[in-house]
Amino acid sequence: MNLNDLVDEIYVINLDEREDRLESVTKQFKEMNSEFKRYSAIKREKGTNGNKLSWLNVIYTAIKRDQQTIAICEDDVVFRRQLLTDLPTLKPQIDETDFDVLSFHHYCSEKRSQSIQHMDKEDDEDIKLIKVKQKPFCNQFLILKNLTLWRHQLIWTLTRKDHLYRSLDHTLTHFGDKSKPYITSREYTFQLDDFSTIKNYKVKRFHQKKRYEDIIG
């Protein structure tokens, strides 16, 4: 079993000039015996708008192909090997659970202190999906259902002046009561410590990944 068994398609969003990130994510997927479809990221002067447009176009593509459940993966993702071990237990739950978005990382928020306080938490013994009030503030690997809902949300934020400059993280996270967000009981993905084209500096956010010895890459 591999990641492709969970969804209709896995899309990796990657800027053309970030060949280093494409190499990183390709290496990880190869080790997981999984495949992805690369989407050439849209670049705008305001990086957050390019990111939102990229996600919107991927969702449009999936809807056109009549895909019901997809995964969108940022090219700076880092996976844990534990995910492969847990896939047989996760798959039936993913198929049966009525969610709009499933996050594979959950100790992540706008405020760094809120993430750090969970650093010492051990993996949950039960492998399950947990309904939460709000999607974690990160998008390295998400599974989406109800794609028309996400299409409308992205269009709405791209056309409203008061939302135009919000980040993709903010756009997908602060969705009010319209979405049904879930997380996995174990944390499986993190963000690569790397230079961010959007932020224009090196990002080093997820300190808790240092706890794990099964990071791929």
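Scroll up to find the structure.
Residues numbered from 1 in each chain as written. Predicted model: local features only at pLDDT ≥ 70, side-chain atom pairs only at ≥ 80, totals over all residues. Heavy atoms only, no water.

**Examining helix α3 (residues 82-96)**
Put simply, the rule reads: By definition, any uninterrupted DSSP run of H or I lasting at least four residues is a helix, any uninterrupted run of E lasting at least two residues is a strand, and each is numbered from the N terminus. Given the number of residues in a helix, its expected span is that number minus one, multiplied by 1.5 Å. We define the bend at each residue as the angle formed by axes fitted to the 7 residues ending at it and the 7 residues starting at it. Any two residues having at least one pair of non-hydrogen atoms within 4.5 Å are treated as being in contact.
Compared with an ideal rise of 1.5 Å per residue, which puts 15 residues at 21 Å, α3 spans 22 Å between its outermost C-alpha atoms and is within 8% of the ideal. When the local axis directions of α3 are compared, the greatest deviation, roughly 55 degrees, occurs at Pro88. The inward-facing, buried residues of α3 contact β4 (77-79), β5 (101-103), β6 (129-131), β7 (141-144) and β8 (181-184).

**Description of the sheet that holds β8**
The condition is simple: Two strands make a pair as long as DSSP finds a minimum of two bridges between them. Only the stretch in contact is used when fitting a helix axis, every axis being a line fitted to C-alpha atoms; angles between N-to-C directions are given from 0 to 180 degrees.
Within the open sheet, the seven strands sit side by side as β2-β1-β3-β7-β5-β8-β6. Their pairing is mixed. For this open sheet the edge positions go to β2 (37-40) and β6, each flanked by a neighbour on one side alone. Sheet twist, expressed as the mean angle between neighbouring strand axes with direction ignored, is 30 degrees. In terms of strand pairing, β5 meets β7 through three bridges, oriented antiparallel. Note that in β7 the partner of Ser103 across the bridge is Leu142.

**What to know about the packing of aromatic side chains**
Within a pair of aromatic rings, the relevant descriptors are the distance that separates the centres and the angle that separates the planes. Put simply, the test is: The rule is short: rings of Phe, Tyr and Trp, with Trp giving its six-membered ring, pair when the centres are within 6.5 Å, and they are stacked under 30 degrees, edge-to-face over 60, tilted in between. Burial classes: relative accessible area under 20% of the type maximum marks a residue as buried, over 50% as exposed, and values in between as partly exposed (1.4 Å probe, protein chains only).
As enumerated under the stated definition, the model contains six aromatic pairs in all. Ring centres 5.3 Å apart and planes at 70 degrees place the aromatic pair Phe79 and Phe141 in the edge-to-face group. Here the residue Phe79 occupies a position in strand β4, and Phe141 occupies one in strand β7, the gap between them amounting to 62 residues. According to the relative accessible area criterion, Phe79 is buried, its value standing at 0%. For Phe141, a relative accessible area of 1% puts it in the buried group. Centroid distance Phe104 to Phe141: 5.1 Å. Interplanar angle 75 degrees. Geometry classified as edge-to-face.

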